[in-house]
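Chain residues, written in single-letter form:
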Amino acid sequence: MSQELKSINLIAPAFKGVNTEDSPLAQDPSFADIADNAVIDKRGRIAARKGFEVITTDNTPLGSNALTVIHEFERVSGSTEILSAGNNKLFKGTTTLTDITPGGYTINDNNWKVVNFNNKAYFFQREQQPVVYDGTSAVLLSTVSGAAGITSAIYGNEVLSAFGRLWVADVNGDKSTVYWSDLLIGHDFAGGTSGSINLDKVWPDGYDEIVALSAHNGLLIIFGRHSIVVYQGAEAPATMTLADTINGVGCVDRDTVQYTGTDVLFLSHTGLRSFRRVIQEKSMPITSLSKTITKDIVALLQTETESFRSLYSPEENFYLITFAGQTTTYCFDTRGTLEDGSYRVTRWPSSIFKSYKRLQSGEVYIGTTHGISEYRGYKDNNDKYRFRYYSPSLTFGDAARVKFLKKIKPTIVGANNSTVFMKFAYDFNTVYRTTEFTTGSQIPAFYAVNEFGPNSVPLSEFTAGQLTNQVSLNAAGGGTSVVVGLESDIDGFQLSLQEINILALIGKVL
Amino acid sequence: MSNGLMGINPTLDFQRQMKNQGGILQDATDGDVIGTEEVMDMAGGGTSLTDALLSFLGGGGGQGLAGLGLLTSAYGRLGDIGQRGLSLGQELAQTQLEQAAFRPYTVTTATGGQFMAGPEGQYTMAVSPEEQALRNQLFGGAGQFYQQAAMPTADREAEIFERMRTTMSPEEERQRLALEERLAAQGRLGVRTAQFGGAPEQFALAQAQEEARNRAMLGAMQQAQAEQRQQAALGQQYLMGSYLPQQQMLAALSPGQTAAAQAQQAQLYGTGLFGEATASGIDALLASGLGQANLMGAAGTGLLAGLFGGSGSGSGGSNPVRDLIDYFRNR
């Protein structure tokens, strides 16, 4: 007697993102074991990330090096200008990178941090004399008229523009002191109301090193490697007082700190963290946002030797953290958190992104060896990239019984004539069985673009909208647990995984 | 005894009085009164001369000679009276000098001090041994105080300042520690500012402490100067105190000096009375001598006038003077 096929529907698979922390068997099917080059789209589905389109047409000064810094200089007039750094040079411009490195100035590294302050842009990095860009040219900070106190004591790796001052920290040989400039004078670190504070006697565990600075909720947050101190009243730094100390949580790199408006996100040695702003209580509870990939993050942290870069984009609703030396980027969806407070996270492997910048307009600029690129489209500089999804091990609620997959029916939204590989494996086997199909073609109608050619009439008669592909694929084999995967090359079109419907026979108890 | 031409002899009482007052008493009859015998001696004496003189006198020459002798005697008498007056005046002055001479005296105070006025006019004061000992002590103390007052005040200022700082330092240390704890609690121990150097509270505390230090320094200077003034004042007081026995003795001297002055005044007054009385006696003596001389002169004049008035009225009359001259010429 034949048995009835049991339908197991994975609706919006992986909409909770990757989870490598919980046991695969106990996981919610909404998690994913792998979600590469994916994001959580606006409908809560896992979808392919956007690619990048290179804007720079002349990156000659960059050579074969990557742009490691992109910064949007905002003038008080409201106009903006893109500044960048790479190949031991400073640039301005987007399509053409114009070298603005001060004459005779030798740059030994490309790990600049750039901030806007009082109609100027200031470049700081470790053991390099700071550079200031006034909208026309870049000069050494010490050469600015009225400059004072510009010595190696303030050649810090971290700079913050807040409370009407520049704040500098992480100086070689003096990693416990924060220096602040005179009020509204970024080139005066010796006069006026400038000053410094040494935290040697403030660190909650006796010793730490300043990594990053942040201003949030009216507070000055000083990130150490494994502790955080918070000062209030930083508007008058001479009288600011300690508001809070956090022991055991620090920041691994200054470039992991991002503001979301309500939170300050930063990467600690145990994962992504945030300060949540509680206005009434004025307290700042600290939460972990990467509980689902903690060990993956830690593993990357321990082996990262190059740099970290991060980005927060409210338009894309993600926080990106890139481990540049390992070409890995994690994408945290910031629209909401899971039950445990974690962000939904996906991974962008083989990432060549070396820097990010979200512009005022909401566009996201990416620095690569090509120069400046924009996060848009679905190609990586005209190259395809692979979207991958793998479910956790699924037991369909009964881990003791054997399951025999008969049909796999993925519902895919988007794509255009793309080959989709459906993969499945039983009982934790890493050798997957693969079946594939090709999505339909779609030529979406765009505004002011003729449907049948430049001179066709009518201009645009029909549009298919976003193509939805729902196919039924045969499956074979059986096991107590099963992993279902989907891979497809993204080559110009969006792809979202709406659902996967699995028809299986439930067998005997093993 | 004279022929009674000379003055008046004083009574015995007057003579005694005059002698008691140092006066000069001389018997008026004992003077060199020229008598008849002396005139005769002056005329040449001897028998021949006597005879000649008798002859001459018998011829009226005697009358002339007597008159001439009286006049001569009166003349000499007047000169003697002047000499006598001068001599008596000098003797009286000498006597009065001796009577008015300063008489030494001594004033002794109740505390044993003495003031002695010597006969040569020197004055000597001597306090009692106890007063002298006290005076020496005070005088020495005054010297010490003045010496201390004259010393530079820098060392004393430093000494006072250190003592003040010793008093202030514990509280300053407590304030510093309290601030350190407060700054540590606020996480601000490491604050360094271009404006204040450290934290504003540290600057304020340091400023307050420095101001206190400055005030202490100024206070030490003022205290040292006050002490210097005090030393000088004490020296002055000691010095004044050291002269106090002398002042008190001088104050006590006034009554004694008044008594001595009164005695001297009485002495001078008596001397004056003596002088006046003696002068009156001398005047009377001289007046009587003058009277005698006048009387003698008048007598001589009268004799001569009688001589020349009786025979000299005609051309054949005799001139006793010429006769006398002729007599001596013809011999």
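Residues numbered from 1 in each chain as written. Chains lettered and ligands numbered in written order. Predicted model: local features only at pLDDT ≥ 70, side-chain atom pairs only at ≥ 80, totals over all residues. Heavy atoms only, no water.

1. Focus on helix α1 (residues 294-303) of chain A
Because an α-helix completes one turn every 3.6 residues, residues spaced three or four positions apart along the sequence face the same direction.
Residues and elements named next belong to chain A.
So, point 1. Of the residues making up α1, those classed as buried are Ile297, Leu300 and Leu301. The buried residues of α1 occupy one face: seen down the axis, they fall within an arc of 100 degrees. Those residues of α1 that are exposed and aimed more than 90 degrees away from the buried face are Lys295 and Gln302.
So, point 2. Tucked inside the fold, the buried residues of α1 contact β23 (263-268), β24 (271-276), β26 (308-313), β27 (318-323) and β28 (328-337). (Buried < 20%, exposed > 50% of the residue type's maximum accessible area, 1.4 Å probe, protein only. Helix = DSSP H or I, 4+ residues; strand = E, 2+ residues; numbered from the N terminus. Arc of directions from axis to C-beta. Contact = heavy atoms within 4.5 Å.)

2. Details of the sheet that holds strand β15 (residues 165-169) of chain A
So, point 1. Strands sit in the order β14(A)-β15(A)-β16(A)-β17(A)-β4(B) across an open sheet of five strands; the sheet is antiparallel. Of all the strands in the sheet, the pair left with one neighbour each is β14 (158-162) of chain A together with β4 (190-193) of chain B. Looking at each pair of strands side by side, their axes are set apart by 15 degrees on average, direction ignored.
So, point 2. Direction of pairing for β15(A) relative to strand β16 (residues 177-180) of chain A: antiparallel, over a ladder of two bridges. Bridging across to β16(A), A:Trp167 finds its partner in A:Trp180. (Pairing = 2+ DSSP bridges. Axes fitted to C-alpha atoms, helices over the stretch in contact; angles between N-to-C directions.)

3. With respect to the side chain of B:Gln209
All names here are of chain B.
So, point 1. You can see glutamine 209 is positioned in helix α6 (residues 200-242).
So, point 2. Within polar-contact distance, the side chain of glutamine 209 engages the backbone oxygen of glutamate 172 at 3.2 Å.
So, point 3. In contact with glutamine 209, not counting residues within four places along its chain, are Glu172 and Gln175. (Polar contact = N/O pair within 3.5 Å; in protein donor to acceptor, adjacent residues only side chain to side chain.)

4. Describing the interface of chain A and chain B
So, point 1. Tallying the contact residues gives 18 residues for chain A and 13 residues for chain B.
So, point 2. Counting the surface lost from both chain A and chain B, the interface buries some 1,100 Å², and carbon and sulfur atoms represent 59% of this.
So, point 3. Run the count over chain A and chain B and you get zero salt bridges.
So, point 4. Applying the counting rule to chain A against chain B returns seven residue pairs in polar contact (both at pLDDT 80 or more).
So, point 5. For the side of chain A that touches chain B, the secondary structure elements donating two or more residues are β17 (195-198) and β21 (241-247) of chain A. (Buried area = accessible area lost by both parts, 1.4 Å probe. Salt bridge = Lys/Arg side-chain N within 4 Å of Asp/Glu carboxyl O.)

5. Focus on the packing of helix α5 (residues 154-185) of chain B against α6(B)
All names here are of chain B.
So, point 1. Running from N to C, α5 and α6 point in directions that differ by 165 degrees, and their axes come no closer than 9 Å. When the interaxial angle is binned, α5 and α6 end up roughly antiparallel. In the packing of α5 onto α6, the handedness of the crossing is right-handed.
So, point 2. For the contact of α5 with α6, the residue count by class is 13 nonpolar, four polar and eight charged. (Parallel < 35°, antiparallel > 145°, perpendicular 65-115°, else oblique. Left-handed = near helix turned anticlockwise from the far one by under 90°. Nonpolar A, V, L, I, M, F, W, Y, C, P; charged D, E, K, R; others polar.)

6. Things to note about the pairing of strand β6 (residues 69-74) of chain A
Residues and elements named next belong to chain A.
So, point 1. Counting buried positions over the six residues of β6 gives five, a clear majority of the element.
So, point 2. Taken together, the six bridges between β6 and strand β7 (residues 80-86) define a ladder with antiparallel strand orientation. Bridging from a neighbouring strand, isoleucine 70 pairs with serine 84 of β7.
So, point 3. Where β6 hands over to β7, the hairpin turn is made up of five residues, of which glycine 78 adopts a positive phi near 105 degrees.

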